[in-house]
Amino acid sequence: MNPPVPPSTPVSSRRETTLPIVEERPVVTRSLEQTGAVRVRVVTEEVPERLDLSEVHDDVVVERVAVGRICEDCEERMGPWQDGDVLVVPVYEEQVVVQRRWVLKEEIRLRRQRRHTGSTQEVMLKREHAVVERQQPDGSWQPVDLPPTSLDQQAVPRSA
């Protein structure tokens, strides 16, 4: 706005001047640009591993014990019974004398004996490890070296 012109000044001597006002304002924009990529692959491999195995075998020892005891009546005969860790199987025989009677001829005693043997067998175990790769500007993939984890340091070493 122009200052008022005093009335004594003629109208023709008044000049109007326009002053442009310019203001600059910065505009910030943001755009995403892919500069690379990272991928993780899990690789499974089969590794031979030697295992020490403990085997248990049960053997039966047969012992024949002569008894020769006479059984007075047929109801006295017994079936097999357990005597501690021994299974006793009675064997009867009928003998003809002046009279017929049952005689316990023998007992077959079966005892279990346990023995342990060791063996080594080779089995195939699967083990996985991760491969981390970063995409390069030319589009190729380059493995990324990562520090070992605490689990890698606790891994069981392979047997020879």
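A quick note: this is a predicted structure, and the numbers were derived from the prediction, not measured. Throughout this description, residue numbers start from 1 for each chain and increase along the sequence as written. Local features in a predicted model are, by the rule used here, given only for residues with pLDDT of at least 70; side-chain atom pairs are given and counted only at 80 or more, and totals for whole chains, interfaces and linings are based on all residues. For side-chain calculations, the full set of non-hydrogen atoms in the structure is used, while hydrogens and water are omitted.

(A) Structural view of the overall build of the protein. The secondary structure content of the protein amounts to one helix and five strands. Only DSSP runs of H or I reaching four residues or more are called helices, and only runs of E reaching two or more are called strands; each is numbered from the N terminus. Starting at the N terminus and ending at the C terminus, the protein contains elements arranged as β-β-β-β-β-α. When a residue's accessible area, from a 1.4 Å probe over protein chains only, is under 20% of the maximum for its type it is buried; when over 50% it is exposed; and in between it is partly exposed. Here the protein holds 160 residues, and 9% of them are scored as buried. Working rule for contacts: check all heavy atoms of both residues, and any pair within 4.5 Å makes them a contact. In the protein, once contacts between residues fewer than 6 apart in sequence are set aside, the share between residues at least 24 apart is 69%. Areas reported here follow the Shrake-Rupley algorithm with a probe of radius 1.4 Å; residue values treat only the protein chains shown as occluding. Accessible surface, the protein: about 14,500 Å² in total, of which carbon and sulfur atoms supply 51%.

(B) Local environment of the side chain of E106. When you line up the elements, E106 lands in strand β4 (residues 100–135). Given a relative accessible area of 11%, E106 falls into the buried group. N or O atoms within 3.5 Å of each other form a polar contact, as long as, within protein, one can give a hydrogen and the other can take it, and as long as residues adjacent in sequence are counted only when both atoms are side-chain atoms. There is a polar contact of 2.7 Å between the side chain of E106 and the side chain of R64. When sequence neighbours within four positions are dropped, the list of residues in contact with E106 reads R64, V65, A66, V67, V89, P90 and V91.

(C) Structural view of the pattern of salt bridges. The salt bridge criterion pairs a side-chain nitrogen of Lys or Arg with a carboxyl oxygen of Asp or Glu, the two atoms within 4 Å. Tallied over the entire structure, the rule returns 13 salt bridges. Between R115 and D59 there is a salt bridge, and its shortest N-O distance comes to 2.5 Å. Of this pair, R115 sits in strand β4 while D59 sits in strand β1 (residues 38–71); the two residues are 56 residues apart in sequence, bridging distant segments of the chain. For the salt bridge of R109 with D83, the shortest nitrogen-to-oxygen distance reads 3.6 Å.

(D) Examining the pairing of strand β3 (residues 86–96) more closely. For two strands to count as paired, DSSP must find a minimum of two bridges between them. Here three bridges tie strand β2 (residues 81–83) to β3, and the two strands are oriented antiparallel to one another. Bridging from a neighbouring strand, W81 pairs with V88 of β3. With eleven bridges connecting them, β3 and β4 associate as antiparallel partners. If you follow V88 over to β4, its bridge partner there is R109. Where β3 folds back onto β4 in an antiparallel hairpin, the turn is made up of three residues.

(E) A negative patch on the surface, seen in detail. Patch membership is restricted to residues that have no salt bridge and whose relative accessible area is over 30%. Joining uses 9 Å for like charges and 5 Å for the nonpolar side chains Val, Leu, Ile, Met, Phe, Trp and Tyr. When charges are counted, Lys and Arg are positive and Asp and Glu negative, with His and the chain ends excluded. We put the charge of a Lys on NZ, of an Arg on CZ, of an Asp on CG and of a Glu on CD. On the surface, a cluster of negative charge is contributed by E72, D73, E75 and E76. Here E75 shows up in the loop between β1 and β2.

(F) Fine view of the packing of aromatic side chains. Aromatic rings from Phe, Tyr and Trp, taking only the six-membered ring of Trp, are treated as a pair when their centres fall within 6.5 Å; an angle between ring planes under 30 degrees marks them as stacked, one over 60 as edge-to-face, and anything in between as tilted. In this structure the tally under the stated criterion is one aromatic pair. Relative to W102, the ring of Y92 has its centre 6.2 Å away and its plane inclined at 90 degrees; by these criteria the two rings are edge-to-face. Of this pair, Y92 sits in strand β3 while W102 sits in strand β4, and the two are ten residues apart along the sequence. If you follow R77 out to its NZ or CZ, it ends over the ring of Y92, 5.8 Å from the centre. Here the basic side chain of R77 rests over the ring of W102, its NZ or CZ set 3.9 Å away from the ring centre. When the NZ atom of lysine or the CZ atom of arginine is within 6 Å of a ring's centre and also within 35 degrees of its normal, the charge is said to sit over that ring.

(G) Structural view of the side chain of E107. Examined against the element boundaries, E107 turns out to sit in strand β4. Judged by its relative accessible area of 7%, E107 falls in the buried class. Within the structure, the side chain of E107 is placed 2.7 Å from the side chain of R109, a separation counted as a polar contact. Setting aside residues up to four positions removed in sequence, E107 forms contacts with E63, R64, V65, V67, W81, V88 and V89.

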